[in-house]
Amino acid sequence: MKLKALLICITLFSASFLSAQDDFQGVATYMSKTTMDMDGFGGKDMTPERKKAIAERMKGMLEKTYVLTFNKTESSYKEDEKLDAPGSGGGFRGMMSSFTAGPQYKNIKDGQLIQDQEFFGKQFLIKDDLEKLEWKMTGETKQIGKYMAMKAVATKKVDEMDFSKMRRRGPRDDDKKKDEKAAKGDRTVSAFGKGEAKEEEKANDSSVVASTEGKSTDIMDEIDIPKEEEVVAWYTMQIPVNNGPGDFWGLPGLILEINSGRTTILCSKIVMNPSEKQEIKKPSKGKEVTKAEYNDIVKKKMEEMREMYGGRNRGGRGGGRR
């Protein structure tokens, strides 16, 4: 009990000391690791050895280092890039390099988030409001390096184009989706009168026939992604800024660790008030779009690629995709 009281006193002293410094700056290094569900990857024909080899090649995409430069109200979050080994840029990894994310700027005071994003050679500035999470404090604490960290949890909406959350929709998912559509249809019919219900059923029948004449043109119909997930954060009041890695923020101290879905982000190093301070700049080059507009652009491009490569496969030796 005495130790906990001492730690709280140290935390409060550190918080008041840093708050008194109007021009203080910090640089935090984070290690991000995402695990991939390989069970449903590649279908039944792919051997475990082949899956393991692919997972190893994708390791560089799923394990990254980021640097957060922050002050009281602003931050810049960007990947600490490393040169790829020769021959490692082909295949899926080469395609994913077309989704290059540049620096991410957050302004806590103004509630602004700006993402510098390159997509297939085009530069975008994704501007949106910071998402406010309803954090709940649990009272749990643990030590992360030399900092006392406190636990908070929240539920966060998942970005529909977050590739780390996606998986191929399986037969069970398709059956579930059909059941959900059928249930919705039943509720719709029951809301109509007897004569109106028949007209509604005819409209539903015609839409089913139209959809079965060819494959769905929406690539998202083949992908399963959760709508929301629980986020666990560990923050320290010894650094009293309500900032953190990525788009996470809103706690009374710097977030040192995030666990969200299959992704863990852990702070490995913090330098407070470095001798050479870095200017935190707003990204300014590129076409300005909202997150929703950018997602629409990505979906359309994915559909174009699907039709292009799908057409090649249908006319090639493979006899079409399975």
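Before reading on, note that the structure itself is shown above.
Residues numbered from 1 in each chain as written. Predicted model: local features only at pLDDT ≥ 70, side-chain atom pairs only at ≥ 80, totals over all residues. Heavy atoms only, no water.

A. Quick look at the sheet that holds strand 1 (residues 26-34). Ordered in space as 7-8-11-12-13-1-2-3-4-5-6-14, the 12 strands form an open sheet in which the pairing is mixed. A single partner strand is all that each edge strand has here, and the edge strands are strand 7 (136-144) and strand 14 (287-289). The average undirected angle you get between the axes of adjacent strands in this sheet is 25°. Relative to strand 13 (residues 263-272), strand 12 (residues 254-260) runs antiparallel, the two being bridged by 4 bridges. (Pairing = 2+ DSSP bridges. Helix = DSSP H or I, 4+ residues; strand = E, 2+ residues; numbered from the N terminus. Axes fitted to C-alpha atoms, helices over the stretch in contact; angles between N-to-C directions.)

B. Expanded view of unusual backbone geometry. A positive phi angle, close to 50°, is found at F120, a residue other than glycine. Within the secondary structure, F120 is located in the loop between strand 5 (112-119) and strand 6 (122-129). Residue class for F120 comes out partly exposed when judged on its relative accessible area of 31%. (Buried < 20%, exposed > 50% of the residue type's maximum accessible area, 1.4 Å probe, protein only.)

C. Examining the nonpolar core more closely. Core analysis: the largest hydrophobic core is formed by 32 residues, its most contacted members being A28, Y30, F70, W135, L254 and I270. Mapped onto this core, the elements with two or more residues apiece are strand 1, strand 2 (63-70), strand 8 (147-157), strand 11 (228-236), strand 12 and strand 13. It is strand 8 that contributes the most residues to this core, 7 residues altogether. Not counting residues up to four positions away in its chain, the partners in contact with A28 are Y66, V67, L68, F70, L254, C267, K269 and I270. (Core = buried A, V, L, I, M, F, W, Y, C linked by side-chain atoms within 4.5 Å. Contact = heavy atoms within 4.5 Å.)

D. Representation of the environment of P103. Note on placement: P103 falls in strand 4 (residues 101-107). Separated by 27 residues in the primary sequence, P103 and S76 place their C-alpha atoms 6.3 Å from one another. P103 has contacts with S76, Y77, K78, I114, Q115, D116 and P283, leaving out every residue within four places of it along the chain.

E. Just the pairing of strand 4, in detail. Bridging between strand 3 (residues 74-79) and strand 4 involves 4 bridges; their strand directions are antiparallel. Considered in strand 4, the bridge of S75 is made with K106. The pairing of strand 4 with strand 5 spans 5 bridges and is antiparallel. Counterpart to K106 in the pairing with strand 5 is L113. Counting the residues in the hairpin turn of strand 4 and strand 5 gives 4 residues, including G111, whose phi is positive at 65°.

F. Structural detail: the pattern of salt bridges. In this structure the tally under the stated criterion is 10 salt bridges. In this structure, E63 and K33 form a salt bridge, with 4.0 Å as the shortest nitrogen-oxygen distance. Residue E63 is found in strand 2, and its partner K33 is found in strand 1; the two are separated by 30 residues along the sequence. Classification of E63 as partly exposed rests on a relative accessible area of 36%. (Salt bridge = Lys/Arg side-chain N within 4 Å of Asp/Glu carboxyl O.)

G. Examining the packing of aromatic side chains more closely. For the coordinates displayed, the defined rule picks out 5 aromatic pairs. Judged by centre distance (6.3 Å) and plane angle (70°), the ring pair of Y30 and Y77 falls under edge-to-face. In this pair, Y30 is assigned in strand 1 and Y77 in strand 3, connecting sequence segments 47 residues apart. For the pair formed by Y30 and Y77, the shared burial category is buried. Seen from their ring centres, F119 and Y294 are 6.0 Å apart, and the 75° between their planes marks the pair as edge-to-face. Here Y294 lies in helix 7 (residues 291-315) and F119 lies in strand 5, a separation of 175 residues in the sequence. Of the two residues, F119 and Y294, neither departs from the other in class, the shared state being buried. (Phe/Tyr/Trp six-rings, centres within 6.5 Å; stacked < 30°, edge-to-face > 60°.)

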